[in-house]
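# Architecture and fold: a report
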Amino acid sequence: MQDAVLRWYDEHARDLPWRRTRDPYAVLVSEFMLQQTQVARVAPRFEAWLERWPDVHALAAATPADVLREWVGLGYNRRALRLHACAEVVAREGWPADAAGLRALPGVGPYTAAAVAAFAFGEVVAAVDVNQIRVVTRVCGLDDAPPREVTARAHALVPADRPAAWNHALMDLGATICRARTADCAACPVARHCASAGRVRFAPRATPGNGARPRFEDTDRYVRGRVIAALARGDALPSDVGAERLERALNGLARDGLVVRDGDDVRLP
Ligand code: SF4
């Protein structure tokens with residue numbers, strides 16, 4: 001099964017800019033950006049970021065306000081401040097040696113730590129994201145297993161000689177063939193080894209009243225993003241979202257350290 005996945009990956013790998021490097025800083029930047037933003041939107045922003053701050057020392061020397069300005073449009077702005085905080089720690093103390101050490105960096109969870117360890121350091125760990133969980137669950141027939149068991153199986157499957165390629169391969173397989181709502185088992189390189197081939201169980205779709213998401217424009221996140229973008233451009237705060245929503249967004253942003261409030265004055269940190 002491992003050989004089949006890696007052979008498929010060697011032929012079909014998506015050529016993404018962060019896959020051409022083993023620089024832990026570049027990998028960390030890409031992983032922070034990719035946490036909640038799509039690949040196509042991240043790619044040009046990743047390259048611009050590295051041009052502006054090519055290493056961890058350059059980023060550590062930047063101001064939080066500059067970091068937030070550069071981040072505008074990627075969303076979930078707290079990621080930018082956490083990435084900056086990581087750069088400050090690493091610039092001061094050096095890179096941790098492994099995934100366990102990376103976990104101690106600000107805002108770095110198990111997935112991001114494993115991704116940097118596998119892609120930059122070649123550590124034999126699984127970067128267990130939703131795609132990898134889905135593929136491993138289906139291939140190993142673990143639909144009814146607890147998450148801990150799926151994660152343990154994911155780690156056990158990583159081949160010792162190609163941990164980076166393996167993790168990228170499972171992400172690609174989950175993103176293009178073994179998807180949440182469709183599974184193209186006929187085109188799948190591991191169908192022969194898969195416990196679920198041709199009989200995938202799909203989770204029910206969310207419907208209104210069944211956990212459906214509100215429109216993005218109706219969320220606080222939308223207002224928060226508008227506020228940060230306005231401050232980054234030096235524009236007035238958005239006035240068309242309603243005073244109450246604006247106030248709530250400003251309070252949340254101030255609480256998260258994304259803006260500084262001084263009376264009526266609001267600015268980036
Ligand atoms: S055979 Fe089907 S269910 Fe199994 S990994 Fe491939 S696409 Fe997913």
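Definitions and limits used
Residues numbered from 1 in each chain as written. Predicted model: local features only at pLDDT ≥ 70, side-chain atom pairs only at ≥ 80, totals over all residues. Helix = DSSP H or I, 4+ residues; strand = E, 2+ residues; numbered from the N terminus. Buried ≥ 20, exposed ≤ 12 C-beta atoms within 10 Å, placed from the backbone. Contact = placed C-beta atoms within 7 Å. Domains from an automatic or database assignment. Core = buried A, V, L, I, M, F, W, Y, C linked by C-beta atoms within 7 Å. Expected span 1.5 Å × (residues − 1). Near = placed C-beta within 6 Å. Nonpolar A, V, L, I, M, F, W, Y, C, P; charged D, E, K, R; others polar. Axes fitted to C-alpha atoms, helices over the stretch in contact; angles between N-to-C directions. Left-handed = near helix turned anticlockwise from the far one by under 90°. Parallel < 35°, antiparallel > 145°, perpendicular 65-115°, else oblique. pLDDT = per-residue confidence, 0-100.

This brings us to the overall build of the protein chain. Looking only at helices and strands, the protein chain features 13 helices and two strands. Taken over the C-alpha atoms alone, the protein chain extends approximately 65 × 50 × 30 Å along its principal axes. When the 269 residues of the protein chain are sorted by exposure, 32% land in the buried category. Long-range contacts, defined as pairs at least 24 residues apart, comprise 57% of the intrachain contacts of the protein chain with a sequence gap of at least 6.

Attention now moves to the domain arrangement of the protein chain. Where interface size is given, it is often the accessible area lost as the parts come together that is meant. Taken as a whole, the protein chain is organised into domain 1 (1-15 + 124-200), domain 2 (23-121) and domain 3 (216-267). For domain 1 and domain 3, the distance between their C-alpha centroids amounts to 41 Å.

This next bit is on the nonpolar core. Judged by nonpolar contacts, the single largest core of 68 residues is most densely connected at Val29, Ala114, Val116, Ala117 and Ala118. No other element matches the eight residues that helix H2 (residues 24-34) contributes to this core. Apart from residues no more than four positions distant in its own chain, Ala117 is found in contact with Asp98, Ala99, Leu102, Glu123 and Val125.

Turning next to helix H3 (residues 39-52). Each α-helix winds once per 3.6 residues, and so residues spaced three or four apart point in a common direction. When the terminal C-alpha atoms of H3 are compared, their 20 Å separation across 14 residues agrees well with the 20 Å that a helix rising 1.5 Å per residue should span. For H3, the full list of buried residues reads Val42, Phe46, Trp49 and Leu50.

This part takes up the environment of Pro238. Within the element layout of this structure, Pro238 appears in the loop between helix H12 (220-233) and helix H13 (243-255). Separated by 14 residues in the primary sequence, Pro238 and Arg224 have C-alpha atoms spaced 9.9 Å apart. In this view, Pro238 contacts Arg226, Val227, Ala230 and Leu246; residues no more than four positions away in its chain are not counted.

Another aspect to go through is the site of the ligand. If you check the shell around the ligand, you find 15 residues, and the closest are Cys178, Cys185, Cys188, Cys194 and Ala197. When its residues are assigned to classes, the shell around the ligand shows twelve nonpolar, one polar and two charged.

Bringing the packing of H2 against helix H8 (residues 110-121) into the picture now. Axis separation between H2 and H8 bottoms out at 9 Å; the angle between their running directions is 145°. The interaxial crossing formed by H2 with H8 has right-handed handedness. Contacts from Pro24, Val27, Leu28 and Glu31 of H2 reach H8 at Thr112, Ala115, Val116, Phe119 and Ala120. Of the residues that constitute the contact of H2 with H8, the class distribution is seven nonpolar, one polar and one charged.

Okay, the environment of Val135 next. If you trace the backbone, Val135 turns up in helix H9 (residues 130-139). Here Val135 falls in the buried class, since 28 other C-beta atoms lie within 10 Å of it. When sequence neighbours within four positions are dropped, the list of residues in contact with Val135 reads Leu170, Leu173, Gly174 and Cys178.

So, on to the packing of H8 against helix H11 (residues 163-176). Contact geometry for H8 and H11: axes closest at 7 Å, N-to-C directions at 130°. Comparing their axes, H11 and H8 come out oblique. Judged by the sense of rotation from one axis to the other, the crossing of H8 with H11 is left-handed. Across the interface between the two elements, Ala115, Ala118 and Phe119 of H8 pack against Pro163, Ala164 and Asn167 of H11. Here the residues of the contact of H8 with H11 are counted per class, giving five nonpolar, one polar and no charged.

Attention now moves to unusual backbone geometry. The phi torsion at Tyr76 lies on the positive side, around 40°, for a residue other than glycine. Mapped onto the elements, Tyr76 comes out in the loop between helix H5 (64-71) and helix H6 (78-93).

The pLDDT averaged across the protein chain works out to 93; a share of 97% of its residues lies at or above 70. Per-element averaging of pLDDT across the protein chain places strand S1 (residues 260-262) at the bottom with 89 and helix H4 (residues 56-61) at the top with 98.

We now examine the environment of Asn77. In this structure, Asn77 sits in the loop between H5 and H6. Among all residues touching Asn77, those that are not within four sequence positions of it are Leu68, Trp71, Ile228 and Leu258.

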